[in-house]
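Overview (structure and organization)
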Amino acid sequence: MPHRVGVRATTVSAARASSAHHGGGVCGVVGATTVALAPSPWILAVGAVLSGSAAGWVWAPYSDIVSRTAARRHQPVLLAVITTGTSLGLIALAGVALVGLSSSWRVTWAGIASAAALAAAVNLRAVPALKPHDDDRGPTQTRSPWRRAMVPPLVYAVLYFAAITVYFTYASESVRLGGNTASATSLLFALIGLGGLAGLGTARMTRAAGTAKVGVASVWVVSLALVLLGLGRSSIAVILASAVLLGIGYMVGSARTRTAWTAAHSDPLVLTSSFRR
């Protein structure tokens, strides 16, 4: 869940209808507040899911904003910066978690709710609300996403983000089973955020090696991070090394995927070809 509370997890979508414009911020604030005040595990779970769903409100609208307001040559860099904002969220989360150690985990989630509210307010004021495309009813907008050409990118996205989710699910538990202090968990998430800053260089990497090679490399880095996490219960150094690797693979792979999908908004053939170069 912590990986969902960065910039992407607390942003308001502003490129679609008014409901989508406010959706991300509402989910982030209401979800985190629900967790902080939850009287039972079931209500806590509902709040966690609601808070995590905020990320889904942002991906497409922000890609839409970049594709429609920025020159094509600048889009990869802008998308990498937007995606890597999650790293800053993880670093901030680690700080908030340290504060919560001296009181209650509810304080941590209250801090997340406050950050979500602030981010929502900033985005409502600063993010442009775009009008619908003139060609929204055109043929490329009605093509099925399940056609054969879409299988490689869809499979890649599902497996890649499933691996990321597995890491975040068991990261804290691995630290605890190793007999480490609670503050070590905060350090782990801070290192994921610091490693994720490598995502700022994704555009340069894809220009040098191609999107397919960057995508494959990201998968291997995330896989190595998972292996180290599983083997590192007796060594906090190994676990922390896995955190840095996870951050690198997570942010570079996410920025690469976002860039490929955004490019496909203008030319659907770009998406599938980017998984083969």
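Residues numbered from 1 in each chain as written. Predicted model: local features only at pLDDT ≥ 70, side-chain atom pairs only at ≥ 80, totals over all residues. Heavy atoms only, no water.

Concerning the confidence of the model for the protein chain
The condition that has to hold: Values of pLDDT, ranging from 0 to 100, describe the predictor's confidence in every residue of the model. It only takes one pair of heavy atoms within 4.5 Å for two residues to be counted as in contact.
Of the residues in the protein chain, 79% have a pLDDT of 70 or more, and the chain-wide mean is 79. Note that residues 1–21 has pLDDT below 50 and, in this model, 73 contacts with residues that lie over four places away or in other chains.

Details of the nonpolar core
The cut-off we apply is this: Take the buried residues of types Ala, Val, Leu, Ile, Met, Phe, Trp, Tyr and Cys, join any two whose side-chain atoms come within 4.5 Å, and each joined set is a nonpolar core. With a 1.4 Å probe rolled over the protein chains alone, any residue whose accessible area is under 20% of its type maximum counts as buried; one over 50% counts as exposed, and the rest are partly exposed. Starting at the N terminus, helices and strands are each numbered in turn, a helix being any DSSP run of H or I of at least four residues and a strand any DSSP run of E of at least two.
Grouped together as the largest cluster of nonpolar side chains are 22 residues, with contacts concentrated most on Ile-164, Tyr-167, Phe-168, Leu-188, Ile-192, Leu-246 and Tyr-250. Elements with a contribution of two residues or more to this core: helix H7 (151–177), helix H8 (182–196), helix H10 (211–231) and helix H11 (236–266). In terms of residues, this core owes the most to one element, H7, which gives 7 residues. Apart from residues no more than four positions distant in its own chain, Leu-246 is found in contact with Ile-164, Tyr-167, Phe-168, Ile-192, Val-222 and Ala-225. Grouped together as the second largest cluster of nonpolar side chains are 9 residues, Val-58, Tyr-62, Ile-65 and Val-127 included.

A look at the pattern of salt bridges
Between side chains of opposite charge, pairing is possible as soon as their charged atoms come close. The test is simple: Salt bridges are defined by distance alone: a side-chain nitrogen of Lys or Arg within 4 Å of a carboxyl oxygen of Asp or Glu.
A complete count under the given rule lists 1 salt bridge for this structure. Note that Arg-176 is salt-bridged to Glu-173, the shortest N-O span being 2.5 Å. Residue Arg-176 and its partner Glu-173 are located together in helix H7, separated by 3 residues, close to a single helical turn. According to the relative accessible area criterion, Arg-176 is exposed, its value standing at 51%.

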